[in-house]
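The primary structure of each chain is shown beneath.
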Protein chains: 2
Amino acid sequence: MTLLGGAVTAWPLAAGAQTLHSEGALSSWNDGAAKQAIFDFVRATIDRASPNYVSPEDRIAVFDQDGTLWVEHPMYTQVVYCLERVPAVVARKPELKNVEPFKTVLSGNREAMAKLSLRDLEKILVATLTGMSVEEFNAEAKRWIETAKHPRWNRPYTELVYQPMLEVLRYLRDNAYKTYIVTGGGQDFVRVYAETVYGIPPEQVVGTAGGTKYSYAKDGKPFLTKDAKLLLNDNNAGKPEGIYLMIGRRPYAAFGNSTGDRQMLEWTGAGAGARLKMLVLHDDATREYAYGPAQGLPDTKVGIFTPALYDEAKSKDWTVISIKNDWKRIFVFE
Amino acid sequence: MTLLGGAVTAWPLAAGAQTLHSEGALSSWNDGAAKQAIFDFVRATIDRASPNYVSPEDRIAVFDQDGTLWVEHPMYTQVVYCLERVPAVVARKPELKNVEPFKTVLSGNREAMAKLSLRDLEKILVATLTGMSVEEFNAEAKRWIETAKHPRWNRPYTELVYQPMLEVLRYLRDNAYKTYIVTGGGQDFVRVYAETVYGIPPEQVVGTAGGTKYSYAKDGKPFLTKDAKLLLNDNNAGKPEGIYLMIGRRPYAAFGNSTGDRQMLEWTGAGAGARLKMLVLHDDATREYAYGPAQGLPDTKVGIFTPALYDEAKSKDWTVISIKNDWKRIFVFE
């Protein structure tokens, strides 16, 4: 339901307007402060008579991906991809077979793999995400994402997107917001499926990005090769920096779930007018996962939500989304 | 005139369809091969019955700016901006007053300034484009672009955009093409006026880009500072690399005017289906400027169009736009 004609409803006679804006939207959300915050924000920014009206071209909303739009436990999907690509890389470069960390990954010993250092992981990412043409990478990643399955649900990772967040994406777009993914994950990786899964085109995916190198094939045809030079580490302060680089405007709405999203929410919140800042708290071990360590939830290495972040959220009037309490339904297949 | 419903006209019965698509568009263009190439390309890519039909989400068109969308002689507008900012920079940092190249710029001696090396110029760019908050930079650049005037026409630089190219931008957008600027100029600089002047929002401006640094003011408010680290040199091979980074898809149409645009046109042309590749040749000293050195035109340091580029254009079926012959009117104020 598109409601660009916000002028037909009178601000601040909000009761009627709100019903209009919210009708049918966010049906997987329970009534509560989180759902209300989304409705209030949209109502305040699309109604021409509102003091916080935002013109359509400025309506930018940014979403972290892992843990915000889809499941990130027990391990980031892209890391699983990279680990599973190792045999193919070693087949092409047999000299890596007995070299760490590739040796450990090939062993399949999950306990040993869990102990790999960040530096080891970086070596694996570089070996599996760079050195090929962009077309080769896209084809490989696409093939994998269409067939790989999550160990807990035995379903494609792309089915493990959060239905309530898909509804937020759609609701914002229906109200002329341009929705972006701003992920610590690889920009190229997420672009492979973002349009199909989230309705977000490649040019609206900002992520950790390496460079490419332009060169010519033997027949003179030019092509781009993914190289190992890191241009944007889209985590922490890298998120507002990446938004400025790739979008060039401050968002009006930002969604995240971990300490890596802190600066993105801070920078969004530092703008004038109504700004929506939301953090997903994973507090539902039964239906999904429970981890923090905020609010006494179990500690984790993947998608850390610290007590300090929780305190900052509370002190700055950010909204914490409780999966347990705010989401009626988590997955579309439920 | 939007003609997404291309299916109503039958391909390849193109005569009728073409009239529909072209009616009223490109009125500042003389009839000829260049105008026809644009019409043919759009007709071939928007008609669902065409073998070269392109779905709307893939319709990406990229435009160099300097010399393609607006005048670049006698000097790139942004370089003029940087030179004119030098006094303000020196006022803030008096220790630069007697240091080269700032000393020469402050002298106002145009002959000496013309002899500054590329390295000198880089020092001036770094001093005038970095080290301030993004808000400060945007405000400064906006103030300047609203008041500075071109020495030949004594009009704001933003009035020296090419009317025929504004018509191409609009015609493509009316046919669901997303139009991007892909400029060797500074991304942040061009974003300041691109929406007003070209109807192109900041997120659709790709240019030479430095990083920013996230930090906090004394009151705890976060802000971004432009820093000197170059992330993307958006010239030559940097253009397709920048397009891949920022847009993530290969364009269907690319417009340029100099050797710095060569790889962008090559990469665009290497895609399947109908691709439009056009180069503006400045061959009209009377109404604008004449420079090459292609086609025996005078040599230049700004916006070089070499004979080799001209030969490549001819051999690869790119279309060369002659300002003299193809443009009925160059500026809107004529």
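Data block above holds the structure.
Computed from a prediction, not measured in an experiment: that's the story for all the values here.

Colleague: I'd like to hear about the interface of chain B and chain A, residue by residue, with values.
Modeller: In this complex, chain B contributes 40 residues to the contact, which on the side of chain A involves 40 residues. Both faces combined, the contact of chain B with chain A buries some 3300 Å², and carbon together with sulfur accounts for 51% of it. In terms of surface lost to chain A, no three residues of chain B exceed Glu203, Tyr214 and Tyr244 of chain B, which account for 21% of the buried area on that side. At the junction of chain B with chain A, the criterion picks out eight salt bridges. A salt bridge links Arg250 of chain B to Glu135 of chain A, with the nearest nitrogen and oxygen atoms 3.3 Å apart. Counting the contacts that link chain B with chain A gives 24 residue pairs in polar contact (both at pLDDT 80 or more).

Colleague: Mind laying out the side chain of Arg249 of chain B, listing which residues take part and the relevant values?
Modeller: In this fold, Arg249 of chain B is placed in the loop between helix H10 (238-246) and strand S5 (253-256). A polar contact of 2.8 Å, which involves the side chain of Arg249 of chain B, links it to the side chain of Asp58 of chain B. When residues no more than four places from it in sequence are discounted, the contact partners of Arg249 of chain B are Glu195, Pro201, Pro202 and Glu203 of chain A together with Glu57, Asp58, Ile60, Ile243 and Trp267 of chain B.

Colleague: Could you give me a rundown of the environment of Ile304 of chain A, with the residues and numbers involved?
Modeller: All names here are of chain A. Considering the arrangement of structural elements, one finds Ile304 in the loop between strand S6 (276-281) and helix H12 (307-315). Classification of Ile304 as partly exposed rests on a relative accessible area of 30%. When the C-alpha positions of Ile304 and Gly292 are compared, they lie 5.8 Å apart, and in sequence the two are twelve residues distant. For Ile304, the residues in contact, after removing those within four places along its chain, are Ser258, Thr259, Gly292 and Pro293.

Colleague: So what's going on with unusual backbone geometry? Residues and values would help.
Modeller: With glycine set apart, most residues show a phi of negative sign, and most peptide bonds adopt trans. Cis geometry marks the peptide bond from His73 of chain A to Pro74 of chain A; its omega dihedral reads 0°. The omega torsion of the bond from Glu100 of chain A to Pro101 of chain A falls at 0°, within 30 degrees of zero and hence cis. Structurally, the position occupied by Pro101 of chain A is in the loop between helix H3 (77-92) and helix H4 (102-107). In this model, Asn236 of chain A sits at a positive phi of 55°, which is unusual for a non-glycine residue. Looking at where Asn236 of chain A falls in the secondary structure, it is placed in the loop between strand S4 (222-232) and helix H10 (238-246). The partly exposed category is assigned to Asn236 of chain A, whose relative accessible area is 36%. In this structure, Leu26 of chain B is a non-glycine residue whose phi angle is positive, near 55°. Mapping Leu26 of chain B onto the fold places it in the loop between helix H1 (14-22) and helix H2 (33-46).

Colleague: Outline the relation of the copies chain B and chain A, listing residues and values.
Modeller: A rotation about an axis combined with a shift along that same axis relates the two copies of the chain. For the match of chain B to chain A, the screw axis carries a shift of 0.0 Å, the RMSD comes to 0.0 Å, and the turn is 180°. When the rotation and shift are considered jointly, the pair of chain copies conforms to a two-fold rotation axis. Interface residue correspondence from chain B to chain A reaches 100%, placing this contact among same-surface, isologous pairings.

Colleague: An account of the pattern of salt bridges is requested, with residue identities and associated values reported.
Modeller: If you walk through the whole model with that rule in mind, you get 36 salt bridges over all chains. Residue Lys239 of chain A pairs with Asp64 of chain A through a salt bridge whose shortest N-O separation is 2.9 Å. With Lys239 of chain A in helix H10 and Asp64 of chain A in the loop between strand S1 (60-63) and H3, this residue pair connects regions lying 175 residues apart in the sequence. In this structure, the salt-bridge partner of Asp31 of chain B is Lys35 of chain B, at a minimum N-O distance of 3.0 Å. For Asp31 of chain B, a relative accessible area of 67% puts it in the exposed group. With a relative accessible area of 11%, Lys35 of chain B lands in the buried category. Here the salt bridges do not stand alone but share partners, grouping Asp58, Lys178 and Arg249 of chain A together with Glu195 and Glu203 of chain B into one network.

Colleague: With reference to specific residues and values, describe helix H8 (residues 163-174) of chain A.
Modeller: In this model H8 of chain A runs 16 Å from its N-terminal to its C-terminal C-alpha over twelve residues, within 8% of the 16 Å that 1.5 Å per residue would give. Immediately beyond the C-terminal end of H8 of chain A, within one or two residues, lies Ala176 of chain A, with a positive phi of roughly 70°.

Colleague: Tell me what's going on with the packing of aromatic side chains, and back it up with residues and numbers.
Modeller: Under the definition given, this model contains 36 aromatic pairs over all chains. Relative to Phe333 of chain A, the ring of Phe331 of chain A has its centre 5.1 Å away and its plane inclined at 10°; by these criteria the two rings are stacked. Judged by relative accessible area, Phe333 of chain A falls into the partly exposed class, the value being 26%. Ring centres 6.1 Å apart and planes at 50° place the aromatic pair Phe305 of chain B and Tyr310 of chain B in the tilted group. Residue classification places Tyr310 of chain B among the buried positions, given a relative accessible area of 15%. The rings of Trp29, Trp153, Tyr162, Tyr289, Trp327, Phe331 and Phe333 of chain A are connected pair by pair, giving a single aromatic cluster. One cation-aromatic arrangement involves Arg155 of chain A over Phe333 of chain A; the distance from NZ or CZ to the ring centre is 3.9 Å.

How each quantity is defined
Residues numbered from 1 in each chain as written. Chains lettered and ligands numbered in written order. Predicted model: local features only at pLDDT ≥ 70, side-chain atom pairs only at ≥ 80, totals over all residues. Heavy atoms only, no water. Contact = heavy atoms within 4.5 Å. Buried area = accessible area lost by both parts, 1.4 Å probe. Salt bridge = Lys/Arg side-chain N within 4 Å of Asp/Glu carboxyl O. Polar contact = N/O pair within 3.5 Å; in protein donor to acceptor, adjacent residues only side chain to side chain. Helix = DSSP H or I, 4+ residues; strand = E, 2+ residues; numbered from the N terminus. Buried < 20%, exposed > 50% of the residue type's maximum accessible area, 1.4 Å probe, protein only. Least-squares fit on C-alpha atoms with pLDDT ≥ 70 in both. Expected span 1.5 Å × (residues − 1). Phe/Tyr/Trp six-rings, centres within 6.5 Å; stacked < 30°, edge-to-face > 60°. Lys NZ or Arg CZ within 6 Å of the ring centre and 35° of its normal.

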